Amino acid sequence: MGKPLRVLIVEDSEDDAQLLLRELQRAGYEPIYERVCTAPSMKAALEKQAWDLVIADYNMPEFSGPAALDLLKRERLDLPFILVSGAIGEEAAVAVMKAGAHDFIKKGSLARLGPAIERELREVEVRRERKKAEDEIRHLKGFNEEIVQQMEGGIMRLDGDLRITFLNPKALSMLGYEKGELEGEPFETICSDRGECQEHLRKMKEEGHPAQFECVVASKDGMELTILNSCTPLFRDGKLTGYLSTLSDITEWKAAEEEYIAKGLKYDLEKGKLYLSEETEAGKAVDAFQDLLKAGYGGMVITRRHPEEVREEHQLGKEVPVYWLAAEASAEANVLQPELPVIEKEVRGFLGRRRVFLLDRLEYLVSQRGFGETLAFVQRVHELAYSRKGMVIFSLN
């Protein structure tokens, strides 16, 4: 028994229709068919049941192959359409193929009909599977976009150059902006602690791994917000294409945390300030520095003493960088020579919110670089501490 094939034959001649049916049986099909020869009867047949393909004669008294093709397209049905004709010019054949017919077969070459049908049935199945996949992708995309739009948390997308390409309504509300106002802007432009933010972004871009970090951003009205940014790099075909971030406003939580921490500190130090400690009391600057470390601050030290001696005496962990301020380089320790631009570069790379920098023995820089140059350096570091809400302690013996 042949393979069932539901075929709509658009043909005015019953004899010619029978020739087609015999050729289909010879090709291994068991046709289930209906013959029509006018536009109304073809439309009724298409509405009545589903078909596997349409075979149409080119010339008929009340209808035509091109008209049948137009009707099929208007019905929005993706069915193989094969045109059969006894005598048709090459120009007309090309025109109907361009209009969307899948094949053209002369009535004297009906042996081609079976292979043509087999090919077109395969291709229509491929098209349907592709359309199904595309519909599913569109559905999922719409579903995902709806989720993103309705999420309680802020969602932000960045391109590979860390420019903002999307903010969901929650993120826009959090920052006080309207849709489209920040698109195309670098993310760092809204960061108040720009230096620290740049460092996080640079590291994440270089390493290509998910990262979570706190950053202070400015809302449109100038209010500072502390944001927890959970950022994931996005890849396509192994190439980095951008980043997806979830943004959580932790401003109130951070304020409560800092208030709690401040109550346990020995010294009442304010963020964004530079403190000069005259060492009439030995180790007072280091004591204040350690106090902040215990409260969860990150720290960095530049000292005239050997770094290992300082680490051991004050029990500083390896996470605290300690530099030896000395005129000569040393292979056994991190040495910074008394070049103020070099020292300032290190400070700029480190200082930020909840970070404290200790420079032990400021008078050594005065002796090496002079009072005026050192004073200008101190002023620049003070401005840096203020802008980044960090803390700086200088000891002066």
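Residues numbered from 1 in each chain as written. Predicted model: local features only at pLDDT ≥ 70, side-chain atom pairs only at ≥ 80, totals over all residues. Heavy atoms only, no water.

Draft legend 1. Broad picture of the nonpolar core. Phe187 and Val217 are the most contacted members of the largest nonpolar core, which totals 25 residues. Within the residue set of this core, elements represented by two or more residues are strand E6 (154–159), strand E7 (164–167), helix H6 (169–175), helix H7 (194–207), strand E8 (211–218), strand E9 (224–236) and strand E10 (239–249). Top contributing element to this core by residue count: H6, with four residues. The residues contacting Phe187, other than those within four sequence positions of it, are Met156, Leu158, Leu162, Ile164, Cys197, Leu201, Cys215 and Asn229. Within the second largest apolar cluster, 24 residues are counted, among which are Leu8, Val54, Leu83 and Val96. (Core = buried A, V, L, I, M, F, W, Y, C linked by side-chain atoms within 4.5 Å. Buried < 20%, exposed > 50% of the residue type's maximum accessible area, 1.4 Å probe, protein only. Helix = DSSP H or I, 4+ residues; strand = E, 2+ residues; numbered from the N terminus. Contact = heavy atoms within 4.5 Å.)

Draft legend 2. Region of interest: helix H1 (residues 14–26). The terminal C-alpha atoms of H1, which comprises 13 residues, lie 18 Å apart, in line with the 18 Å expected from a rise of 1.5 Å per residue. Residue Gly28 follows H1 closely and has a positive phi angle near 100 degrees. (Expected span 1.5 Å × (residues − 1).)

Draft legend 3. Summary view of the sheet that holds E8. Spatially, E7-E6-E10-E9-E8 is the arrangement adopted by the five strands of the open sheet, whose pairing is antiparallel. The open sheet has two edge strands with one neighbour each: E7 and E8. Averaged over all adjacent pairs, the angle separating strand axes in this sheet is 30 degrees, with direction ignored. Of the strand pairs in this sheet, E9 and E10 are connected by 10 bridges, and their pairing is antiparallel. Residue Leu234 lies in a different strand from E10, and its bridge partner there is Gly242. (Pairing = 2+ DSSP bridges. Axes fitted to C-alpha atoms, helices over the stretch in contact; angles between N-to-C directions.)

Draft legend 4. Quick peek at the pairing of strand E1 (residues 3–10). In this structure, E1 lies alongside strand E2 (residues 29–36), joined through eight bridges in parallel fashion. Each bridged residue has a counterpart across the sheet, and for Pro4 the counterpart in E2 is Glu30. What joins E1 to E2 is H1, and the crossover it makes is right-handed. As judged from the four bridges shared by E1 and strand E3 (residues 53–57), these two strands associate in the parallel manner. Within E3, the position partnered with Val10 by the bridge is Ala56. (Right-handed = clockwise from strand over helix to strand, strands pointing away.)

Draft legend 5. Region of interest: the packing of aromatic side chains. In total, this model carries two aromatic pairs according to the counting rule given. Seen from their ring centres, Phe357 and Phe394 are 6.2 Å apart, and the 90 degrees between their planes marks the pair as edge-to-face. Of this pair, Phe357 sits in strand E15 (residues 355–359) while Phe394 sits in strand E16 (residues 391–396); the two residues are 37 residues apart in sequence, bridging distant segments of the chain. Per residue, the accessibility class of Phe357 equals that of Phe394, and both read buried. Geometrically, the ring pair formed by Phe377 and Phe394 is stacked, given 6.4 Å between the ring centres and 10 degrees between the ring planes. (Phe/Tyr/Trp six-rings, centres within 6.5 Å; stacked < 30°, edge-to-face > 60°.)

Draft legend 6. A look at unusual backbone geometry. The phi torsion at Arg76 lies on the positive side, around 55 degrees, for a residue other than glycine. Structurally, the position occupied by Arg76 is in the loop between helix H3 (65–74) and strand E4 (81–85). For Gln315, which is not glycine, the phi torsion reads 55 degrees and is therefore positive. Looking at where Gln315 falls in the secondary structure, it is placed in the loop between helix H10 (307–314) and strand E13 (322–325). Judged by relative accessible area, Gln315 falls into the exposed class, the value being 72%.

Draft legend 7. Structural context of empty space enclosed by the protein. Across all of its chains, the model carries three cavities of 30 Å³ or more by this definition. Of the volumes computed, that of the largest cavity is approximately 40 Å³. Forming the walls of the largest cavity are Val286, Val301, Thr303, Arg305, Val310, His314, Leu358 and Asp360. Of all the secondary-structure elements, those providing two or more residues to the lining of the largest cavity are strand E12 (298–303) and H10. In terms of residue class, the lining of the largest cavity is made up of four nonpolar, two polar and two charged. (1 Å grid on protein atoms, 1.4 Å probe; cavity = no way out; pocket = protein on both sides within 12 Å on 5 of 7 lines; lining within 4 Å. Points joined across faces, edges and corners; volume = space filled by probe spheres on them. Nonpolar A, V, L, I, M, F, W, Y, C, P; charged D, E, K, R; others polar.)

Draft legend 8. The arrangement of the layout of surface pockets in detail. Volume-wise, the largest pocket comes out at about 450 Å³. Those elements that place two or more of their residues in the lining of the largest pocket are H7, E8 and helix H11 (340–350). Along the lines of polarity and charge, the residues of the lining of the largest pocket split into six nonpolar, six polar and 10 charged.

Draft legend 9. Region of the structure containing the sheet that holds E1. An order of E2-E1-E3-E4-E5 is seen for the five strands of this open sheet, with the pairing classed as parallel. Where the open sheet ends on each side, the last strands, each with one partner, are E2 and strand E5 (103–106). The sheet shows a mean angle of 25 degrees between the axes of neighbouring strands, direction not considered. Across the sheet, H1 is in contact with E1, E2, E3 and E4; its angle to E2 comes to roughly 160 degrees.

Draft legend 10. Quick look at the environment of Arg369. Summarising the element assignment, Arg369 is placed in helix H12 (residues 362–369). The residues touching Arg369, leaving out its near neighbours within four places in the chain, are Pro338, Glu339, Leu340 and Thr374.

In short, geometric facts, not functional conclusions.
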